[in-house]
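Chains, contacts and geometry: an overview
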Amino acid sequence: MASSCSQALRHHVCKSSRILRVHLQKAWPNRSFVLNPAADQQPAVSSPEEIVIPKKKTWSKEAVLQALASTVNRDPTASDYRFQDDPYLTPKTSSEFKLFSLSQESGRNAAKYFISTYPKYFQKDYAQPHIPCLMPETLEAQLEEVSEAALIERIQMRKVKAAVDLYDQLQQAGTPVSLDVTNQLLDLICFYGDCDPAQENVPEQRNEETVGASKAKNNNAERVFALLSEPNTHSYSALIRGMVKYGAYSKAFSTYTDLLNNQLKADVSTFNALITAAPEVKEKYNEKWELIVDLLKQMAEQKVKPNLLTLNAVLKALRRCGTVGKSQAFPVISEMRALSIDPSLASYNHLLSIFYKPDILQEVMNEVSGKSFTPQDPDDGICFLLQRGLLTKDIEQAYRVHELLGVGENWRLLGNDFQQNIYHARFFSLLCMMENIDVVLKWYRDLVPSVYYPSSNVMRDLLQALDTDNRLDLIPQIWKDLKQLGHGNRQTLVEELLTLMAREKQNQEVQETFAECALDIKKMYDTGDRGKVMMSWTAGSLSDLVSVLLAAQRRQDAWEILKLFKTHNRVPSEELLDKFLTCIKESGDVNQALELVQISAGFCLPGTPKLIQRVQQEFLLSEQQK
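Residues numbered from 1 in each chain as written. Predicted model: local features only at pLDDT ≥ 70, side-chain atom pairs only at ≥ 80, totals over all residues. Heavy atoms only, no water.

Under the annotation held in an unreviewed UniProt entry, the protein carries the name Small ribosomal subunit protein mS39 and is attributed to Cyprinus carpio. Under the Subcellular location (unreviewed entry) heading, UniProt states for the protein: "Mitochondrion". Taken verbatim from the UniProt record of the protein, the Sequence similarities (unreviewed entry) comment is "Belongs to the mitochondrion-specific ribosomal protein mS39 family." (UniProt positions renumbered as here; feature names shortened; annotations may be inferred.)

Listed below in structure tokens is the structure:
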């Protein structure tokens, strides 16, 4: 039965293939179509007029996951993927996002530390199939003898000090070390300096100290290089790049001269480092450019082909060449394109830094729009495009940059969490400045808080956008977001919000929501955040709060707020007391009107006689009250 099913399936596949070939032949009568049954074993060779249809295709291991991921979009209501495993640690504010993400990473580092420090307790492998990255790393050297193999082991483990010590022991013992291994040691020292690279579980402060120590002394590289009897191009290249990295620019050019004197040729990495150092060894703009041109000519003489990093090094140097840079930037780009070198995002960043012109930004956007980029240079990134758009306040350019993020995996070029936060802050601030409030709120709901936690300054921009489009009715909703985002204790922001609610009288329904919002704000003044008083009452904030409550006909609540002026040593304005008296008149409460006069007299306000006159004219007073 299994055999008959297999034959039927094979017959069905063959029939489908013949039908497909017939339809393709009708569509393209001048071409022949061949079904290649062994397409995944070897590539098919076809003529220009022949289309080869593979019988099956071999997919990558991530193909199914990538296909599933392409069927869904980002959920604006969901938290970041890092926090979805533990709902309790879902951040609600930017400070919580930083705290929880750092805590999570700290926990991982702590686990890695214990696994790597005590690997004998974590040898059982539960993963099927085996996952090497989940097993303990070997942090201690296994070879204890003084040998070249032990030196190679320490180099691979990136133990700079141990490798240098062992190399010295080999030299003292008279044991020869091969040139290749010595070059590997030079690469290690010149990259990390004289200190071991910081481990993941080392605090950030100690990382900075390590970098400082590396820059302070980097003598081992020169000492190891001096012990070489016949250094080759790799040896010189490692030393020159290390000198440039740690600021010894003049020494780098002297070492390059020694390389030429020894009848050797430099490689492209050496030239890239020297071009980067060129602006540091010359003072005048034309001298800097002449040195760069001389290095490029030497590259041509030594038949060294420049690469993308060469282009970016030249453009980066031209940023420090003033008017000379502006005259030479485009010829450099044209020359590199003639060599089939396509600019990267870093190239465009350097170009825009040289010119600062909106039309150049337009041309760059036309060039990069719709393209997917991969990092090729340490300076590759996308944020600079939005920064240039902000200078011109061009919202269309900002939209194009944001659209560029959705192409391929360009979003990875936004950088770390801090850089992503800066990007979204600038993008949203530009929206608040240039777009109508409906568009701003659409973006607000899409970005907050799934990918972005706005700062108090950005929320102030949002309040100004509400004011500009006369949508103050949304303030209570924004106030709830402010509290959730941790900005409920920002006094300047809260006072601005109270001022907007008190400025104009809205319809009764909106005024009721304003009153509830105002009383909620009062609680923040009374208790503060987590039981601490963070804000202090000002005369302006108390006046605005009373005005909001009076507009909502909440006279009793407003009266309680009015008493706070005396409690907090604040003086109410005459205008506020006149407004309060008008509200009292509508209810005809004579006793409260007299108390209001007493409050005015207690503050010795100049308008007290006028207030007394109004009470006498507008209220029926008894003899005792008179």
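On to the overall build of the protein, then. A tally of helices and strands in the protein yields 29 helices and two strands. When the 626 residues of the protein are sorted by exposure, 39% land in the buried category. Partitioning the intrachain contacts of the protein with sequence separation of at least 6 by distance along the chain shows that 62% fall at a separation of at least 24. Within the structure as shown, the protein displays about 36400 Å² of accessible surface, and the carbon and sulfur contribution to it stands at 52%. (Helix = DSSP H or I, 4+ residues; strand = E, 2+ residues; numbered from the N terminus. Buried < 20%, exposed > 50% of the residue type's maximum accessible area, 1.4 Å probe, protein only. Contact = heavy atoms within 4.5 Å. Areas by Shrake-Rupley, 256 points an atom, 1.4 Å probe, with all protein chains shown as cover.)

A few words now on unusual backbone geometry. The amide bond that connects V448 to the next residue, P449, takes the cis arrangement and shows omega of -5°. The residue P449 is located in the loop between helix 20 (437-447) and helix 21 (456-468) in this model. The phi dihedral of C604 falls on the positive side, at around 55°, and the residue is not glycine. Mapped onto the fold, C604 is located in the loop between helix 28 (590-602) and helix 29 (608-618).

As a further point, take the side chain of N183. By the secondary structure assignment, N183 is in helix 6 (residues 179-192). The contacts of N183, once residues within four sequence positions are left out, are N232, H234 and S235.

On to the environment of L166. Secondary-structure assignment places L166 in helix 5 (residues 160-172). Along the chain, L166 and S147 lie 19 residues apart, while their C-alpha atoms are 8.2 Å from each other. Setting aside its immediate chain neighbours within four residues, L166 contacts E145, V146, S147, A150, L151 and R154.

Overall, the coordinates contain 21 salt bridges when judged by the stated rule. We note a salt bridge from R154 to E153, for which the minimum N-O separation is 3.5 Å. Just as R154 is buried, E153 falls in that class too. For R503, the salt bridge goes to D467, with nearest N and O atoms at 2.3 Å. Highlighted residues: R503 in helix 23 (residues 491-503) and D467 in helix 21, separated in sequence by 36 residues. Judged by its relative accessible area of 44%, R503 falls in the partly exposed class. (Salt bridge = Lys/Arg side-chain N within 4 Å of Asp/Glu carboxyl O.)

Now for the environment of Y348. Structurally, Y348 can be placed in helix 15 (residues 345-355). Taking relative accessible area as the criterion, Y348 reaches 7% and is therefore assigned buried. Through-space distance from the C-alpha of Y348 to that of L385 is 8.9 Å; in sequence the pair is 37 residues apart. With residues up to four places along the chain from it excluded, the contact list for Y348 reads R337, P343, V364, E367, V368 and F384.

Within the element layout of this structure, S541 appears in helix 25 (residues 539-551). Of the residues examined, S541 reaches a relative accessible area of 2% and is grouped as buried. Every residue in contact with S541, bar those within four places of it in the chain, is listed here: E495, L498 and Y525.

Before going further, it helps to examine helix 11 (residues 268-281). Counted at 1.5 Å a residue, the expected span for helix 11 with its 14 residues is 20 Å, and the 20 Å between its end C-alpha atoms agrees. Taking the largest bend as the criterion, helix 11 deviates by roughly 25°, centred on I275, and proline P279 comes between one and four positions later. Counting buried residues in helix 11 gives 10 out of 14 residues, a clear majority hidden from the surface. Among the residues making up helix 11, those that are buried are V268, T270, F271, N272, A273, L274, I275, A277, A278 and P279. In this fold, the buried residues of helix 11 make contact with helix 9 (233-245), helix 10 (249-261), helix 12 (285-301) and helix 13 (308-318). (Expected span 1.5 Å × (residues − 1). Bend = angle between axes of the 7 residues up to and from the residue.)

When we look at burial in helix 4 (residues 148-156), the residues that qualify are A150, L151, E153, R154 and I155. Where helix 4 is buried, its residues meet helix 5 and helix 6.

What follows covers the environment of E575. Position of E575 among the secondary structure elements: in helix 27 (residues 574-587). Under the relative-accessibility criterion, E575 is labelled exposed at 60%.

We now examine the packing of helix 24 (residues 508-527) against helix 25. Two elements in contact, helix 24 and helix 25, have axes separated by 8 Å at closest approach and are oriented at 145°. Where helix 24 crosses over helix 25, the handedness of that crossing is left-handed. For the pair helix 24 and helix 25, the contacting residues are Q508, Q511, F514, A515, A518, L519, K522 and Y525 in the first and S541, L545, V548, L549 and A551 in the second. Within the contact of helix 24 with helix 25, the residues separate by chemical class into nine nonpolar, three polar and one charged. (Axes fitted to C-alpha atoms, helices over the stretch in contact; angles between N-to-C directions. Left-handed = near helix turned anticlockwise from the far one by under 90°. Nonpolar A, V, L, I, M, F, W, Y, C, P; charged D, E, K, R; others polar.)

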